[in-house]
Amino acid sequence: FESVSGLSLVAGAAVAELVASYAVKPVALKWPNDVLCDGKKICGILVETLRPREDMWAAVVGVGLNVRMNEQLGKDITQPWTDLNTGAGRELCCNEVAGRLLAGLVQAIKQFERHGLEAVLPRWNQFDILAGREVVATASQGETRGIAKGIDATGALLIEVDGVIHRVLSGDVSLRPAL
């Protein structure tokens, strides 16, 4: 199971690289599974794990990349969002984007399979919007407030609280509002 636990981060890095190749606006990753363009959500990633046999794990990686979304389609979205056409400043071919997305995901997943999450960390880190910033992580065990220090080789978010590093394995994280 550990071998699939970093897949959303691997996919995030691949999608961020794809978006950055088109975008004229800044691209960022927000742990664990959001890709942002110009501070607005452009993509979400979900990974579902399956256990078809006792000796086997499988995963389905779902990537929801907004390529061409009009205001009407996005009227019920409760957070700032954008699409790739807006980020690129031009109309893009959905088939081309899909082909490049699949090629990038396959390459990133192969790298992950061969070398683990550590091999993908530099790709993730170049887009990490949380690193060095005050954050609040909310999980079932409560809140963790502190300074984001990146992610470790297992995919956990590292948050420094009073000089102590805490590992956050799941939950929601937001930038802490300035007081």
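Scope of this entry: the structure provided in the associated data block. (Residues numbered from 1 in each chain as written. Predicted model: local features only at pLDDT ≥ 70, side-chain atom pairs only at ≥ 80, totals over all residues. Heavy atoms only, no water.)

### Thoughts on the pairing of strand S5 (residues 134-139)
Along any regular strand, the residues point their side chains to alternate faces of the sheet.
Consideration 1: Pairing geometry for S5 and strand S6 (residues 142-151), over 6 bridges, is antiparallel. Across the sheet, residue Val 136 finds its bridge partner in S6, namely Arg 145.
Consideration 2: What sits between S5 and S6 in their antiparallel hairpin is a turn of 2 residues.
Consideration 3: One ladder, built from 4 bridges, connects S5 with strand S9 (residues 172-175); its direction is antiparallel. Bridging from a neighbouring strand, Val 136 pairs with Ser 174 of S9. (Pairing = 2+ DSSP bridges. Helix = DSSP H or I, 4+ residues; strand = E, 2+ residues; numbered from the N terminus.)

### Side note on the layout of surface pockets
Consideration 1: Roughly 350 Å³ of internal volume is contained in the largest pocket.
Consideration 2: Lining the largest pocket are 18 residues, and of these Ser 5, Ser 8, Pro 32, Leu 169 and Ser 170 sit closest to its centre.
Consideration 3: Secondary-structure elements contributing two or more residues to the lining of the largest pocket are helix H1 (7-22) and strand S3 (40-53).
Consideration 4: Counting residues per element, the lining of the largest pocket draws most heavily on S3, at 4 residues.
Consideration 5: Residue classes in the lining of the largest pocket are distributed as 10 nonpolar, 8 polar and no charged.
Consideration 6: Size it by volume and the second largest pocket reaches roughly 240 Å³. (1 Å grid on protein atoms, 1.4 Å probe; cavity = no way out; pocket = protein on both sides within 12 Å on 5 of 7 lines; lining within 4 Å. Points joined across faces, edges and corners; volume = space filled by probe spheres on them. Nonpolar A, V, L, I, M, F, W, Y, C, P; charged D, E, K, R; others polar.)

### Things to note about the sheet that holds strand S1 (residues 27-30)
Consideration 1: Taken together, the 4 strands give an open sheet; going across it, the order is S1-S2-S3-S4, and neighbouring strands pair in antiparallel fashion. Of all the strands in the sheet, just S1 and strand S4 (56-65) have a single pairing partner and so form its edges. The mean inter-strand angle of the sheet, taken between neighbouring strand axes irrespective of direction, is 20°.
Consideration 2: Along the sheet face, H1 touches S1, strand S2 (34-37), S3 and S4 and points at about 145° away from the line of S3. (Axes fitted to C-alpha atoms, helices over the stretch in contact; angles between N-to-C directions. Contact = heavy atoms within 4.5 Å.)

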